[in-house]
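Residue-level structural notes
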Amino acid sequence: MKPRGTVPSAPPAEEQSAAARTIGLRLLDGLEVVRATLFPHGAGGLTPWLFLLPALLLVFLLVAGIVPLLDTSLRELDRATFRPGEDWTLANFQTLWERPVYTWLAIRTMGAALVVTVLSLLLALPYAWLMVKTPRPWLKKLLLVSLFLPFFIGQVVRAYGWLVVLGNQGLANAVLGWLGLPPVAILYTLPGVMLGLVQYMLPFAVLMLAPAFTAVPEEVELASGSLGASPARTFRHIVLPLVRPGLVAAAVVVFTLSLTDFAMPAIMGGGRNDFIANAIYDAFFSLSDPGLGSALAILLTLAGTTIAGIMLALFGLGTLGYVRRG
Amino acid sequence: MQRSPFTLLLGLIVAFDLVFLAVPTLVVVVISFTSGNMVAFPPEGFSLRWYGVLLTKPEFLAALGRSLQVGLVCTALAIPAGTAAALALARWRIRFPTALQLYLLLPFTVPLVVSGIALMLLFGRMGMLGAVWPVGLAACVINLPFMIWAVAASVNHLDPDLENAAMNCGAPPTHTFFTVTLPAVAPGILTGALVMFILAVNEFLVSLMLVDARIVTLPVLVYNAIRNIITPDLAAVSVVYLLIAIVAIWLLDRLVGLGILLESKRN
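Owing to the predicted nature of the structure, the values given are computational and were not obtained by experimental measurement.

Examining the overall build of chain B
A tally of helices and strands in chain B yields 12 helices and zero strands. Along chain B, helices and strands appear, N-terminal first, in the series α-α-α-α-α-α-α-α-α-α-α-α. Reported as C-alpha extents along the three principal axes, the dimensions of chain B are approximately 70 × 65 × 35 Å. Buried residues in chain B amount to 54% of all 267 residues. Pairs at least 24 residues apart make up 69% of the contacts formed inside chain B by residues separated by at least 6 positions. In the structure as shown, chain B presents an accessible area of about 11300 Å², 70% of it carried by carbon and sulfur atoms. In chain B, the 13 positive side-chain charges and the 11 negative ones have mean positions that sit 6 Å from each other.

Topic: the pattern of salt bridges
All names here are of chain A. For the structure on display, the rule yields six salt bridges over all chains. Its salt-bridge partner being Asp29, residue Arg26 comes within 3.4 Å of it at the nearest N-O pair. With a gap of three residues between them, Arg26 and Asp29 both fall in helix α1 (residues 15-38), about one helical turn apart. Residue Asp29 is classed as partly exposed on the basis of its relative accessible area of 32%.

Things to note about the environment of Lys133 of chain A
Residues and elements named next belong to chain A. Along the chain, the position of Lys133 falls in helix α4 (residues 100-133). When the C-alpha atoms of Lys133 and Ala210 are compared, they prove to be 9.8 Å apart, with 77 residues separating the residues in sequence. Setting aside residues no more than four positions away along its own chain, Lys133 makes contact with Phe213, Val216 and Glu221. Within the local environment of Lys133, its side chain forms a polar contact with the backbone oxygen of Val216, the two atoms lying 3.1 Å apart.

Topic: the interface of chain A and chain B
The partner chain B presents 115 residues to the 108 residues of chain A that form the contact. For the pair chain A and chain B, the two sides together bury roughly 10500 Å², of which 78% comes from carbon and sulfur. The tally of links from chain A across to chain B stands at one salt bridge. Taking the shortest distance from any N to any O, the salt bridge between Asp253 of chain B and Lys141 of chain A comes out at 2.5 Å. Counting the contacts that link chain A with chain B gives eight residue pairs in polar contact (both at pLDDT 80 or more). Considering every element that reaches the side of chain A that touches chain B, the biggest residue donor is helix α2 (residues 47-73) of chain A, with 19 residues. By residue class, the composition of the side of chain A that touches chain B is 80 nonpolar, 19 polar and nine charged.

Comments concerning the confidence of the model for chain B
Residues at a pLDDT of 70 or more form 96% of chain B, whose mean pLDDT is 86. Of all helices and strands in chain B, the one with the weakest mean pLDDT is helix α8 (residues 160-168) of chain B (80), whereas helix α6 (residues 112-125) of chain B scores best (94).

Structural notes on a nonpolar patch on the surface
All names here are of chain A. On the surface, Leu46, Trp49, Leu50, Leu53 and Leu57 cluster together into a nonpolar patch covering about 460 Å² of accessible area. Its location among the elements puts Leu57 in helix α2. For Leu57, a relative accessible area of 51% gives the class exposed.

As for the packing of aromatic side chains
A complete count under the given rule lists 21 aromatic pairs over all chains for this structure. Here the aromatic rings of Phe235 of chain A and Phe6 of chain B are separated by 5.5 Å at their centres, their planes lie at 50°, and the arrangement is tilted. Taken together, the residues span two chains, with Phe235 of chain A in helix α10 (residues 231-242) and Phe6 of chain B in helix α1 (residues 5-32). Note on accessibility: Phe235 of chain A and Phe6 of chain B belong to one class, buried. With centroids separated by 5.8 Å and ring planes inclined at 70°, the aromatic side chains of Phe146 of chain B and Trp149 of chain B adopt a geometry described as edge-to-face. Here Phe146 of chain B and its partner Trp149 of chain B are both found in helix α7 (residues 133-155), three residues apart, which amounts to about one turn of the helix.

Quick notes on the side chain of Ser73 of chain A
By the secondary structure assignment, Ser73 of chain A is in helix α2. Judged by its relative accessible area of 1%, Ser73 of chain A falls in the buried class.

Let's talk about the confidence of the model for chain A
Residues and elements named next belong to chain A. Across chain A, pLDDT averages 83, with 90% of residues at or above 70. Confidence over residues 1-7 falls short of pLDDT 50; this stretch has 12 contacts with residues more than four positions distant or in other chains. With pLDDT under 50 throughout, residues 317-326 is counted as low confidence; its partners more than four residues away or in other chains account for 34 contacts.

Remarks on the nonpolar core
Across soluble globular proteins, nonpolar side chains show a tendency to be buried alongside one another. All names here are of chain A. Counting residues in hydrophobic clusters, the biggest one holds 178 residues, and the most contacted among them are Phe152, Phe213 and Ile280. In terms of residue count, the dominant contributor to this core is helix α8 (residues 190-214) (15 residues). In this structure, Phe213 is in contact with Leu125, Ala128, Trp129, Val132, Lys133, Phe235, Val239 and Val243, ignoring residues within four places of it in sequence.

Examining the state of the cysteines
Applying the stated criterion across every chain yields a total of zero disulfides over all chains. Here Cys140 of chain B is not disulfide-linked; the sulfur of Cys74 of chain B is the nearest cysteine sulfur, at 5.0 Å.

Focus on the packing of helix α11 (residues 218-226) of chain B against helix α12 (residues 232-255) of chain B
Residues and elements named next belong to chain B. Running from N to C, α11 and α12 cross one another at 150°; their axes reach a closest spacing of 11 Å. On the basis of the axis angle, α11 is roughly antiparallel to α12. Considering the relative orientation of α11 and α12, their crossing is left-handed. Residue-level inspection shows Leu218, Pro219, Val222, Ala225 and Ile226 of α11 in contact with α12, the latter providing Leu234, Val237 and Tyr241.

Rules used throughout
- Residues numbered from 1 in each chain as written.
- Chains lettered and ligands numbered in written order.
- Predicted model: local features only at pLDDT ≥ 70, side-chain atom pairs only at ≥ 80, totals over all residues.
- Heavy atoms only, no water.
- Helix = DSSP H or I, 4+ residues; strand = E, 2+ residues; numbered from the N terminus.
- Buried < 20%, exposed > 50% of the residue type's maximum accessible area, 1.4 Å probe, protein only.
- Contact = heavy atoms within 4.5 Å.
- Areas by Shrake-Rupley, 256 points an atom, 1.4 Å probe, with all protein chains shown as cover.
- Lys, Arg positive; Asp, Glu negative; His and termini not counted.
- Charge placed at Lys NZ, Arg CZ, Asp CG, Glu CD.
- Salt bridge = Lys/Arg side-chain N within 4 Å of Asp/Glu carboxyl O.
- Polar contact = N/O pair within 3.5 Å; in protein donor to acceptor, adjacent residues only side chain to side chain.
- Buried area = accessible area lost by both parts, 1.4 Å probe.
- Nonpolar A, V, L, I, M, F, W, Y, C, P; charged D, E, K, R; others polar.
- pLDDT = per-residue confidence, 0-100.
- Patch = residues over 30% accessible without salt bridge, like charges linked within 9 Å, V, L, I, M, F, W, Y side chains within 5 Å.
- Phe/Tyr/Trp six-rings, centres within 6.5 Å; stacked < 30°, edge-to-face > 60°.
- Core = buried A, V, L, I, M, F, W, Y, C linked by side-chain atoms within 4.5 Å.
- Disulfide = S-S within 2.5 Å.
- Axes fitted to C-alpha atoms, helices over the stretch in contact; angles between N-to-C directions.
- Parallel < 35°, antiparallel > 145°, perpendicular 65-115°, else oblique.
- Left-handed = near helix turned anticlockwise from the far one by under 90°.

Laid out in structure tokens, this is it:
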């Protein structure tokens with residue numbers, strides 16, 4: 001692998017940049033004086049924590065925001081005053097458990113997330129494989145750029161694209177009409193939401209799978225082929241088992257992202273195919289029942305965090321993408 | 001690879017993927033040039049009128065300006081915080097590594113809708129709502145693991161002997177850090193900064209809860225608009241986003257190469 005780090009080169013000949021370098025070194029000297037004054041003997045065991053502090057503080061904002069939700073989730077809305085109750089109660093969780101609306105909400109969301117995960121992985125596997133293994137540079141570039149363009153365009157803008165394609169006056173129905181076929185009404189249905197989600201998740205799935213395919217040594221594939229295995233057998237018995245960790249990681253990421261999605265059901269579901277995230281939003285902003293919304297929010301957070309925790313336990317700490325040097 | 005029905009099937013799936021990924025974007029580009037008043041196929045004619053509408057409607061430009069502001073605040077916060085965290089994680093043996101990882105991954109494991117409501121209530125109590133910069137701060141919090149990942153990938157390529165050599169030559173710690181360590185992880189910082197900027201400019205759900213009618217960001221403006229009637233001016237907005245994405249990908253390819261993401265994490 002080629003090293004990408006650049007080591008500062010020899011001072012350039014131009015006087016101007018030499019002057020800039022001198023100023024830069026003076027600045028560093030100043031910083032060094034500050035450091036030496038603050039930590040004359042080094043920060044010792046504190047150094048790693050000082051480095052981590054800004055990130056820890058940023059994430060702490062999230063923790064500080066979620067903890068009050070726990071408290072809110074335990075207070076029932078007083079319908080007379082429209083204020084949260086005085087005492088802690090599990091009434092909100094009981095409401096979620098008892099009302100069939102919320103049972104169907106959970107089933108719809110989990111079922112759709114499962115279908116989206118399976119479809120995304122089926123579509124992503126060949127894409128990632130070809131992107132990693134192709135010897136043609138132009139094909140690799142085409143596949144990379146096609147993947148990154150939608151990845152870098154937000155969900156709302158992509159959902160707008162689907163509205164244009166699938167709407168009543170949209171491209172799909174124009175083509176069907178031109179072929180003399182009846183129009184389809186996939187927009188504002190659950191399959192429509194899933195279609196939008198699969199397209200949204202495809203880049204995530206491919207990007208999670210690609211490193212796993214890179215790690216498969218080409219020799220084992222060649223060996224399998226030269227022993228007479230067809231490409232299908234090689235893929236099924238050699239490649240798939242080797243990329244299984246990447247496959248599970250991609251499945252977990254796609255499933256949790258779909259499970260907690262808001263924009264696709266909101267835009268492509270037309271209000272009739274809400275997911276749990278939409279119900280949380282409505283509980284806060286339409287029903288004005290923060291207790292119920294918080295209870296749903298806590299349950300959804302627990303689901304997401306548990307799945308990620310299991311993944312960390314299964315695959316270890318490499319999940320954050322770093323390898324510590326021995 | 002040999003040709004077989006199986007490889008043909010894989011090729012067909014990839015071809016489908018390419019069309020599937022591109023169709024909504026391509027269609028939007030076509031519609032943005034229509035001269036008609038409605039989104040219809042085939043488009044009525046060619047014109048640039050909807051781009052003109054964008055330039056003459058102050059709310060679009062203001063929302064775009066605010067989204068770029070969100071992106072800048074987010075990136076400015078993420079660069080130091082993410083770089084320092086990635087260096088610390090890769091460099092030192094820290095106690096409770098699993099707990100630390102789970103904590104730093106919270107922005108990904110907490111659903112965005114929950115993060116949005118939690119930050120809205122928190123910022124509300126702190127009197128921070130009604131301004132644009134808290135949206136940038138929120139975008140930084142919810143995407144921070146991307147920044148840490150990007151820099152961590154570069155740290156793994158950093159040879160600790162380079163730093164030891166600098167120290168041996170008499171460079172004090174600050175000099176070593178800024179002249180050896182940082183330049184070595186610069187590709188990761190650039191990648192992370194670019195990704196954080198793009199994600200923040202596109203950030204929708206958390207913004208939806210943190211902004212009010214006076215300070216809507218561009219994705220929130222698009223969201224509010226498509227709930228009423230789908231007009232071609234939004235296609236022109238989408239093309240603006242497409243252009244931003246193209247520039248970002250071009251920069252990423254020039255600076256570090258897109259292939260960086262294909263590398264195995266187990267090397």
